[in-house]
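# Structural description and commentary
Next come the chains, spelled out residue by residue.
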Number of protein chains: 2
Amino acid sequence: MVGAGQLARMTHPAAVALGVGFRVLAESPTASAALVVPDSPVGRCTDPQAVAAFAAGCDVLTFDHEHVPGALLRGLEEAGTLVRPGARALAHAQDKLRMRAELTAAGVPCPRWTAVRDRDGLEGFGREAGFPLVLKTPRGGYDGRGVMIVNKADEAGDRFDRLRAGDPAPDGTAPALLAEELVAFDRELAVLVARSPSGQAAAWPVVQTVQADGMCREVVAPAPGLDPALAGAATSAALRIAAHLDVVGVLAVEAFEVTGPDGTRSVLVNELAMRPHNSGHWTIDGAVTSQFEQHLRAVLDLPLGSTLARQPWSVMVNVLGGGHPDLYRSYLHVMARDPGVKVHLYGKEVRPGRKIGHVTVCGEDLQDCRDRARHAADFITGSIDS
Amino acid sequence: MVGAGQLARMTHPAAVALGVGFRVLAESPTASAALVVPDSPVGRCTDPQAVAAFAAGCDVLTFDHEHVPGALLRGLEEAGTLVRPGARALAHAQDKLRMRAELTAAGVPCPRWTAVRDRDGLEGFGREAGFPLVLKTPRGGYDGRGVMIVNKADEAGDRFDRLRAGDPAPDGTAPALLAEELVAFDRELAVLVARSPSGQAAAWPVVQTVQADGMCREVVAPAPGLDPALAGAATSAALRIAAHLDVVGVLAVEAFEVTGPDGTRSVLVNELAMRPHNSGHWTIDGAVTSQFEQHLRAVLDLPLGSTLARQPWSVMVNVLGGGHPDLYRSYLHVMARDPGVKVHLYGKEVRPGRKIGHVTVCGEDLQDCRDRARHAADFITGSIDS
């Protein structure tokens, strides 16, 4: 696995149980996964030699992020490395404009969107879709980075300046930003599926995600009160996307649930991630097969595991770094207060607002699970002290 | 953790989630846990210098087996190392005669037993308790090694010869074997508890174990149809043993369920293990807190986690090595046939009869779980092929 963040860290236990060899190409010797995976050479994911040397020791190459350059991946594939998901599939997770074009071509419902290259283009799209709208940098953003809300075309001025100063798009077209309508959604959902090279696919229950500051804060599995027909439609769309883009491994589809003028509910696809995803962390404790085990099974072309939930409800809340670098006292308190909460820490240095872990509570009563998970996360973060 | 077998291997994922540093003193660089734990120096557990050097890099020392000599452990404690469980507690798991004496003193029901030093002693005990009886080497046995069934006193002859040729007991008394009545049990049970240095204790549901050739083959959690009063008595006895012996960490109490002449059922304690134990592997998939996480919590004096089962039934079956060194095809088959089975492999070379992994199936229907778990284990072992 290229990248040694928390996703690679949480993949290691799955590899231990499956009995498969697992190594990571780490961005630093103290990266989250490098602390727990024995074979963790240090190298940059943008360095073709470092990645090729790492790949030479692996049967299959996979990723804990989308930041490996497409040209590098294509080069590896040409040299015979099994890259899963492949470079063609990953290009859609790496470039939001390409993703939008492909999803639209495949008939997947998306927010209204267009590629804009300058202020006038944005102004024109704004007249059509309405301001405020969302402006996204197609490449390199995550956790809300590279995303801005624009109330009028003039606010985006320096974005276009920076765009013109940057590299051209990989396909040689003039660089562009992605403009999207600001969707007045009822709530956010995520659909997690996995797909094998042989085409086998599996989907976990659709979850509700709660975002704050562009970052996932809470996930409830399954999404409470979701119309089964809508859950089915969302799951079908995610499986269709996985097949259409030839995804191998876990695919997370982030979506908006919206109510139309006639009261009909529907789902619009927002973002894709072709790797284990924050919206699937609940599966470690709450599902028969975790997303991390499933990702390994898929990229190794092993048969996929059951995606059934073990308990009626699972609530996952991210733990963000707070003002106190020492977690120990709050960690003790949370464990003592609630023996049923599952605390997962990533071994990362505490910095305010940084994802340093998550907690999951599973059970029969949604409100109880949610209250307990939120309390534990807030207490470890330090935003509450009782 | 001293020792790098499968118990240490399965402890690592728990350490990863808890965010605590975990290292093992490995018997070899290819030992089960050494393959997956980054910091695994190689050294013999009987070598005082190797163990002391390892301990110097740890806050707390714990074990995946009982083979570290007591004198070595006492030396470490005198030098200020936190050894958990401590040398005094471990002495009871290391010496079955001492264990029997202590349990009897604490009023814990045990099979009839005595220390025998020669043929005449055995003959005398046999007249009282009846032949056949069980003769055990007090130290160093596991998985049925060091245990023999004796139909008459003459059969044990060379055992006493070897006894006299060996070392005296640590307390300076003449060496002895442990003779026990052969209990006509209804079934075997195991009680798994954990205890902290601060005295907090927790117990998982009592399980039924099925042994073959002295080795655990199958565990059903909870023990089907067990009288709740008997389950309570067995759990109380295990907690009393943990407190009485000052155990820190996981304690497994193996026991016999027996029916007396008057039809009353009761439980007799057979063996103790002061570490995570085969009878608790089901907790990885079936309980809120696994025995491995709990052992770490206990030895680190963190608050203990919930021992509740996540699903009504869990069945764990050990996978033994069979005639085929290559597991891959059967592994694929089992995963494809049953996406709900959890396969855990230990990274060990396949040798006939060796524990190389286990499978667990959790669910609502006991028979279904048992059939599926047995089939998966037998298929991987190679004893069935369809």
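Once a new chain begins, its residue numbering starts again from 1 and follows that chain's sequence as written. Chains and ligands are labelled sequentially in the order written, the chains with letters from A and the ligands with numbers from 1. Restriction of local features to residues with pLDDT of at least 70 applies here, the model being predicted, together with a cutoff of 80 or more for giving and counting side-chain atom pairs; totals for whole chains, interfaces and linings are based on all residues.

Note on conventions: DSSP H or I runs of at least 4 residues are helices, E runs of at least 2 residues are strands, and numbering of each starts at the N terminus. When its secondary structure is counted, chain A shows 12 helices and 13 strands. In this description the radius of gyration comes from C-alpha coordinates, and the expected globular size is given by 2.2 Å times residues to the power 0.38. Computed over the C-alpha atoms, the radius of gyration of chain A is 21 Å, within 12% of the 21 Å expected from 2.2 N^0.38 for a compact globule of 386 residues. If one aligns the C-alpha atoms of chain A with their principal axes, the spans along those axes are about 60 × 50 × 40 Å. Per-residue burial for chain A yields a buried fraction of 49% across its 386 residues. Throughout, a pair of residues is in contact if the C-beta atoms placed from their backbones lie within 7 Å. Within chain A, contacts between residues at least 6 apart in sequence are counted, and of these 63% link residues at least 24 apart. Neighbour counting defines burial: a residue surrounded by 20 or more other C-beta atoms within 10 Å of its own C-beta is buried, one with 12 or fewer is exposed, and intermediate counts give partly exposed, using backbone-placed C-beta atoms.

Before going further, it helps to spend a moment on the domain arrangement of chain A. Many authors give the size of an interface as the accessible area that is lost as the parts come together. Taken as a whole, chain A is organised into domain 1 (6–83), domain 2 (112–181) and domain 3 (187–381). Domain start and stop positions are those given by an automatic or database domain assignment. Look at where the C-alpha atoms of domain 1 of chain A and domain 2 of chain A centre, and you get two points 32 Å apart.

All right, on to the relation of the copies chain B and chain A then. Superposing the copies works by least squares over the C-alpha atoms of residues that have pLDDT at least 70 in both of them. With an RMSD of 0.1 Å, the operation that places chain B on chain A is a rotation of 180° combined with a shift of 0.0 Å along the axis. Interpreted geometrically, this transformation is the action of a two-fold axis. If distances are taken from each C-alpha of chain B to the rotation axis, the shortest is found for Pro-38 of chain B, at 1.9 Å. Here 100% of the interface residues in chain B have copies in chain A that are interface residues too; the copies meet face to matching face.

All names here are of chain B. Fitted lines through C-alpha atoms serve as axes, helices being fitted only where they are in contact, and the angles separating the N-to-C directions of these axes extend from 0 to 180 degrees. Close contact between helix α3 (residues 70–78) and helix α4 (residues 87–94) brings their axes to 10 Å; oriented N to C, the two are set at 170°. Judged on the interaxial angle alone, α4 and α3 are roughly antiparallel. In this structure, α3 uses Gly-70, Leu-73, Arg-74 and Glu-77 to contact α4, whose residues at the interface are Ala-87, Leu-90, Ala-91 and Gln-94. By residue class, the composition of the contact of α3 with α4 is 4 nonpolar, 2 polar and 2 charged. Angles below 35 degrees are treated as roughly parallel, those above 145 as roughly antiparallel, those between 65 and 115 as roughly perpendicular, and all remaining angles as oblique. The residue classification treats Ala, Val, Leu, Ile, Met, Phe, Trp, Tyr, Cys and Pro as nonpolar and Asp, Glu, Lys and Arg as charged. All others, Gly included, are polar.

So, about the nonpolar core. The biggest cluster of nonpolar side chains holds 226 residues, and the ones touching the most others in it are Val-191, Ala-238 and Leu-251 of chain A together with Val-191, Ala-238 and Leu-251 of chain B. Filtering out sequence-adjacent residues up to four positions away, Leu-251 of chain B remains in contact with Val-193, Arg-195, Ala-238, Ile-241, Ala-242, Leu-272 and Met-274 of chain B. For the purposes of this analysis, a nonpolar core is taken to be any set of buried Ala, Val, Leu, Ile, Met, Phe, Trp, Tyr and Cys residues that are connected through C-beta atoms within 7 Å.

So, on to the interface of chain B and chain A. Of the residues lining the interface, 27 residues belong to chain B; the matching set on chain A comes to 27 residues. If one sorts the elements of the side of chain B that touches chain A by residue count, helix α1 (residues 6–18) of chain B sits on top with 6 residues. Grouping the amino acids of the side of chain B that touches chain A by side-chain chemistry returns 16 nonpolar, 9 polar and 2 charged.

Once that is clear, we can look at the sheet that holds strand β3 (residues 147–150) of chain A. Residue and element names in this part refer to chain A. Strands are labelled as partners when DSSP assigns at least two bridges between them. The strand order across the open sheet formed by 4 strands is β1-β4-β2-β3, and the pairing between neighbours is antiparallel. The open sheet has two edge strands, β1 (113–116) and β3, and neither has a second partner. For this sheet, the mean angle separating the axes of adjacent strands, direction not counted, is 30°. Note: strand β2 (residues 133–136) against β3, 4 bridges, orientation antiparallel.

All names here are of chain B. When strand β9 (residues 249–259) meets strand β10 (residues 265–273), the two strands line up antiparallel, connected through 8 bridges. Across the sheet, residue Ala-255 finds its bridge partner in β10, namely Val-269. As consecutive antiparallel partners, β9 and β10 are separated by 5 residues, and within that stretch Gly-263 has a phi angle of approximately 85°, a positive value.

What you tend to see is this: most non-glycine residues have negative phi, and most peptide bonds are trans. Residues and elements named next belong to chain A. A cis geometry characterises the amide bond from Phe-131 onward to Pro-132, with omega recorded as -10°. As for its position among the elements, Pro-132 is in the loop between α6 (119–129) and β2. Although it is not a glycine, Asp-246 adopts a positive phi angle of roughly 55°. Locating Asp-246 in the fold gives a position in the loop between α8 (228–244) and β9 (249–259).

Residues and elements named next belong to chain B. Relative to the 24 Å expected for 17 residues at 1.5 Å per residue, helix α8 (residues 228–244) spans 24 Å between its end C-alpha atoms, a close match to the ideal helical length. By the burial criterion, the buried members of α8 are Ala-234, Ala-237, Ala-238, Leu-239, Ile-241 and Ala-242. Looking at the packing, one finds that the buried side of α8 touches α5 (96–105), β5 (187–195), β6 (201–203), β9 and β10. In the segment just after α8, Asp-246 is the residue with positive phi, at about 55°. Helix span, as expected, comes to 1.5 Å for every residue beyond the first.

The next point concerns the sheet that holds strand β3 (residues 147–150) of chain B. All names here are of chain B. The strand order β1-β4-β2-β3 describes an open sheet built from 4 strands, whose pairing is antiparallel. Of all strands in the sheet, those with a lone pairing partner are β1 (113–116) and β3, marking the two edges. Going from strand to strand, the sheet's axes swing by 30° on average, the running direction of each strand aside.

With that out of the way, let us pick up the packing of helix α1 (residues 6–18) of chain A against α1 of chain B. Taken N-terminus to C-terminus, the directions of α1 of chain A and α1 of chain B make an angle of 160°; their axes are 9 Å apart at the nearest point. In terms of orientation, α1 of chain A and α1 of chain B fall into the roughly antiparallel class. Crossing handedness for the pair α1 of chain A and α1 of chain B: left-handed. For the pair α1 of chain A and α1 of chain B, the contacting residues are Arg-9, His-12, Pro-13 and Val-16 of chain A in the first and Arg-9, His-12, Pro-13 and Val-16 of chain B in the second. The crossing is said to be left-handed when, going from far helix to near helix, the turn is anticlockwise and less than a right angle, and right-handed when the turn is clockwise.

Turning our eyes to something else, we now look at the environment of Val-116 of chain A. Residue and element names in this part refer to chain A. Relative to the elements of secondary structure, Val-116 occurs in strand β1. The buried category is assigned to Val-116, around which 25 C-beta atoms lie within 10 Å. With residues near it in sequence (within four places) discarded, Val-116 still touches Gly-121, Leu-122, Phe-125, Ala-176, Leu-177 and Ala-179.

To continue, consider the environment of Leu-300 of chain A. Residue and element names in this part refer to chain A. By the element assignment, Leu-300 lies in the loop between α10 (291–299) and β11 (313–320). On the basis of neighbour count, Leu-300 is assigned to the partly exposed category, with 19 C-beta atoms found within 10 Å. Spatially, the C-alpha atom of Leu-300 lies 21 Å from that of Ala-93, the residues being 207 residues apart in sequence. Not counting residues up to four positions away in its chain, the partners in contact with Leu-300 are Val-20 and Val-60.

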